[in-house]
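So you can see what is in the structure, the chains are spelled out below.
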Amino acid sequence: MEIKDSQSSYAPFYKEEMAAIQKEVTTHLNNPLPWGTLPDVDAVTELEKDGDMPIEAGHSEAEDGTIAVALKTYMPNTTPQMWDWWFGWHGSEDARYKLWHPKAHISAKWEDGRKDNCYIGRNSIIKEYIGKEILDAVIQFKSPLEFGFSHDAVNHLDKAVYICAKLGHPKLPVDYGYLVHQVRSTPNGTEMRSRFWVGGKYVAARHDDFLNKAAVTVLKKFKSLPDNFGHDLMLHCAEEMNHLASILPELYKQYATDDKVAISGKTINKGDANFEKVVMDTLFNKAPVTRRPATIYEPKTIEDIINIVRHAKKVGRRITITSGGHSFSANFLREDCLLIDMKHFNQYSMNVEEKTAEAGPAVGGSTLMKALYKENLFFPAGHCAGVCLGGYLLQGGYGWNGRKLGIACESILGLDIITADGELIHANKNTNADLFWAARGSGAGFFGIVVKFYLQVYDLPKYRAVMVHSFKVKHLEHVYRWAHEVGPEIPKAVEFQMLMSKNMMNVFGPGIEAIAPIFADTKDEFEEAQNFMRNSPIKSKAIIKTPAINPGINALYKTAMSHYPEDYCWGVDNMWTHAPIDDLMPFIKEIAETLPPSPSHFLWLNWHPGNLNEDMAYSNEDNIYLSLYSCWKNQADTHKYGDWASNMMRKMEHLSTGIQLADEALHKRTFTFMDKEKLDKVQLIRSQRDPGGLFHEWHSKPE
């Protein structure tokens, strides 16, 4: 330790005289084990089982240079939480790192340059002696879940902590091994069961596309580790862990504080220079919102979220969540809350044979859909690019081919959820069934944080097309009467909708586009799906009539987004109805007369649902869905256009059977969005699962 280190506040804990290694270790150091005696890395989850493995200490080397090391260290007077704290705390300063092994440790720093007391999801750049050789490495700390450990590994840190990492080169994208330390509680303290697998078959390029000569050179270097590396690594681990155990209780007592939460992702507090920009970046709707959270978190790991939830509960702050979609009412912006932005949970995978998919809440529905298309698979994802699965699936999910496949939340097979207690659980029909029931339909009022969706996907319909008839607004009454009359007869393979604007297709001025997307599985179904448009009694009035054309999924999304441009202000509201057309017509005419400038529009969707196939919180739909979208560029015009949609719907609400949570305005107009019986059940489950009200509900709800 340098003089400046010995004079630091850590000096009382700097002990050049290392604690003697435990006797059990010396027995195994000089007697290498035959290769295969120690379990390989794919059996690492055996550490979760009670008791010990047949061999808990030793080292061995394979013919290809692969080295395996196992070690158990008994550590009285320590707890798993102390070790969890240590792995986050020590990497910020060289002086801290040297406390661990004064004779071998040289330096440590976090690759991101921050000093937050958090390690999972971050990379530590270290330099140290292993035997007589200096090792430069990057330790890439991972969640134990990524190594296959169960939810208990992140839920019960009082019982055991799992420190898991990949080992690699600090400058080149080459990895050469793995480490796992299980620290489990014992009656007298803890015991650490350490495992290493390095060199040989574990050396690989960190990225699939890294194939240059430098990588090959490094790979060859690490295929052959120094002589006695297994022995030296085992000795080093025995020395550092045993030595640290002797000073850790007092270190923890003096330096461990839990007054703030540390996460691997970013934390932005109100008052920070970039706070306002970060807030605005969460919003699709740029209409002015005065509500501001106290803190915005951008977690990267499940552990980050668990820490945030437990911190919020401790300090008495409420939580909101955004997945990065199109929440027009900005339900997640609440005064003085802790806002969790799930933007980094944007990974997905598919099982083509099983026709299933797994996806994080920040995965765009369009992203998943395009990936599925390449595998001839399909999911009823939302119509707009950028709509992420989190909010979309929780509120219901009206998407492509939804009349035939059902609303998207009916295709949820299970969810991974972090509860108000800060525990990671899985929910499906048989496990945590109450949360599974409530999640599908409660939208922004759900009282948990979904970190992964398990989805049923489907065969890509063989026959796909769109038909369009476009009418001048002077034919308004004929068009809407025809749509109302033909609605019950439209096949389920068609999602018939009409869009009225002041500048139809950005060219023709006020008008109505009648659009019929078709997703059919057979030729006969495809032909039948076209008939209502082909035989329309008003098609002669259309200025544009297209045949059934398959423009491709990219064009469908591009067309949809032409009606929902980014960086605009929005005022929206909606209603379900089965009212007679004579009752609706006066209001449709008023909408046409008062509709704000394009791209503002009025959407009519012929839904005519069948019976819902799933028992779930979602419960409100009807024959026709009407939605108003007021859109303007300049925030100064908010007073002119901001309340138009809600005021118009308020005039019509005597004809409404409810609203859907997708494009709602519960911050301006309270109305039914769920059957009363099911809303009562949701609130009962909320009282059991979130009795302290940690999670914000909807802006408003019916009494």
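1. Some words on empty space enclosed by the protein
Working step 1: One pass over the full model with this rule turns up 3 cavities of 30 Å³ or more.
Working step 2: Estimates place the volume of the largest cavity at around 70 Å³.
Working step 3: If you trace the largest cavity, you find it lined by L38, P39, D40, A43, V44, L47, M53, A68, V69, A70, R195 and W197.
Working step 4: Put simply, the parts of the chain that give the lining of the largest cavity at least two residues each are β2 (67–76) and β8 (189–198).
Working step 5: It is β2 that provides the largest number of residues to the lining of the largest cavity, a total of 3 residues.
Working step 6: Classifying every residue of the lining of the largest cavity gives 10 nonpolar, no polar and 2 charged.

2. Some details on the side chain of H101
Working step 1: Mapped onto the secondary structure, H101 falls in the loop between α4 (94–100) and β3 (105–110).
Working step 2: A polar contact is formed between the side chain of H101 and the side chain of E239, at a distance of 2.8 Å.
Working step 3: Setting aside residues up to four positions removed in sequence, H101 forms contacts with M18, H236, E239 and E240.

3. Describing the sheet that holds strand β22 (residues 497–501)
Working step 1: Within the open sheet, the 7 strands sit side by side as β24-β21-β23-β22-β26-β27-β25. Their pairing is antiparallel. Both outer strands of the open sheet, β24 (544–545) and β25 (569–577), are each paired with one neighbouring strand and no more.
Working step 2: As judged from the 5 bridges shared by β22 and strand β23 (residues 511–520), these two strands associate in the antiparallel manner. Of the residues in β23, the one forming a bridge with L499 is E513.
Working step 3: Packing against the sheet, helix α17 (residues 581–594) makes contact with β22, β25, β26 (601–606) and β27 (624–632), and its axis sits at approximately 155 degrees to β26.

4. Overview of the sheet that holds strand β13 (residues 338–341)
Working step 1: Spatial strand order, β10-β11-β13-β12: 4 strands in an open sheet with mixed pairing. Looking at which strands have only one partner, the edges of the open sheet turn out to be β10 (266–269) and β12 (319–322). Averaged over all pairs of adjacent strands, the angle between strand axes in this sheet comes to 20 degrees, irrespective of strand direction.
Working step 2: Note that β10 and strand β11 (residues 295–298) share 4 bridges and pair antiparallel. Along β11, the bridge assignment pairs K266 with E298.
Working step 3: Along the sheet, helix α9 (residues 302–315) makes contact with β11, β12 and β13, crossing β13 at roughly 170 degrees.

5. What to know about the pattern of salt bridges
Working step 1: Under the criterion given, the structure shown has 42 salt bridges.
Working step 2: One salt bridge in this structure joins E335 and K270, with 3.4 Å as the shortest N-O distance. Taken together, the positions of E335 in the loop between β12 and β13 and K270 in the loop between β10 and α8 (275–281) put the pair 65 residues apart, joining distant regions of the chain.
Working step 3: By relative accessible area, E335 is classed as partly exposed at 48%.
Working step 4: Given the relative accessible area of 40%, K270 is considered partly exposed.
Working step 5: The shortest N-O distance in the salt bridge between D643 and K668 comes to 3.0 Å. With D643 in the loop between α18 (638–641) and α19 (644–652) and K668 in the loop between α19 and α20 (676–689), the pair connects residues that are 25 residues apart, well separated along the chain.

6. Comments concerning the pairing of β25
Working step 1: Of all 9 residues that make up β25, 9 are buried, and the element is covered over most of its length.
Working step 2: Neither face of β25 is open: one carries C569, G571, D573, M575 and T577, the other W570, V572, N574 and W576, and all of them are buried.
Working step 3: With 9 bridges connecting them, β25 and β27 associate as antiparallel partners. When the sheet's bridge partners are listed, T577 is paired in β27 with I624.

7. What about the layout of surface pockets?
Working step 1: Approximately 1200 Å³ is the volume found for the second largest pocket.
Working step 2: Taken together, 38 residues line the second largest pocket, and the ones lying closest to its centre are D84, N117, T257, D258 and N307.
Working step 3: Taken together, the elements giving at least two residues each to the lining of the second largest pocket come down to α3 (80–89), α5 (152–155), β6 (160–168), α7 (229–255) and α9.
Working step 4: When its residues are assigned to classes, the lining of the second largest pocket shows 17 nonpolar, 9 polar and 12 charged.

8. A closer look at the environment of I296
Working step 1: Tracing the chain through its elements places I296 in strand β11.
Working step 2: Looking at I296, the relative accessible area reads 0%, which means it is buried.
Working step 3: Not counting chain neighbours up to four residues away, the residues in contact with I296 comprise K266, T267, I268, F275, V278, V279 and L339.

9. Description of unusual backbone geometry
Working step 1: The amide bond that connects S598 to the next residue, P599, takes the cis arrangement and shows omega of 15 degrees.
Working step 2: In this fold, P599 is placed in the loop between α17 and β26.
Working step 3: With a phi close to 65 degrees, N228 is a non-glycine residue in the positive phi region.
Working step 4: Looking at the element boundaries, N228 is found in the loop between α6 (213–223) and α7.

10. Some remarks on the packing of α3 against α7
Working step 1: Contact geometry of α3 with α7 gives a least axis separation of 10 Å together with a crossing angle of 90 degrees. Here α7 runs roughly perpendicular to α3, going by the angle between their axes. Mapping the contact onto sequence places Q81, M82, W83, W85, W86, F87 and W89 in α3 and M241, L244, A245, L248, P249, L251, Y252 and Y255 in α7.
Working step 2: The residue makeup of the contact of α3 with α7, split by class, is 14 nonpolar, 1 polar and no charged.

Rules used throughout
- Residues numbered from 1 in each chain as written.
- Predicted model: local features only at pLDDT ≥ 70, side-chain atom pairs only at ≥ 80, totals over all residues.
- Heavy atoms only, no water.
- 1 Å grid on protein atoms, 1.4 Å probe; cavity = no way out; pocket = protein on both sides within 12 Å on 5 of 7 lines; lining within 4 Å.
- Points joined across faces, edges and corners; volume = space filled by probe spheres on them.
- Helix = DSSP H or I, 4+ residues; strand = E, 2+ residues; numbered from the N terminus.
- Nonpolar A, V, L, I, M, F, W, Y, C, P; charged D, E, K, R; others polar.
- Polar contact = N/O pair within 3.5 Å; in protein donor to acceptor, adjacent residues only side chain to side chain.
- Contact = heavy atoms within 4.5 Å.
- Pairing = 2+ DSSP bridges.
- Axes fitted to C-alpha atoms, helices over the stretch in contact; angles between N-to-C directions.
- Salt bridge = Lys/Arg side-chain N within 4 Å of Asp/Glu carboxyl O.
- Buried < 20%, exposed > 50% of the residue type's maximum accessible area, 1.4 Å probe, protein only.
- Parallel < 35°, antiparallel > 145°, perpendicular 65-115°, else oblique.

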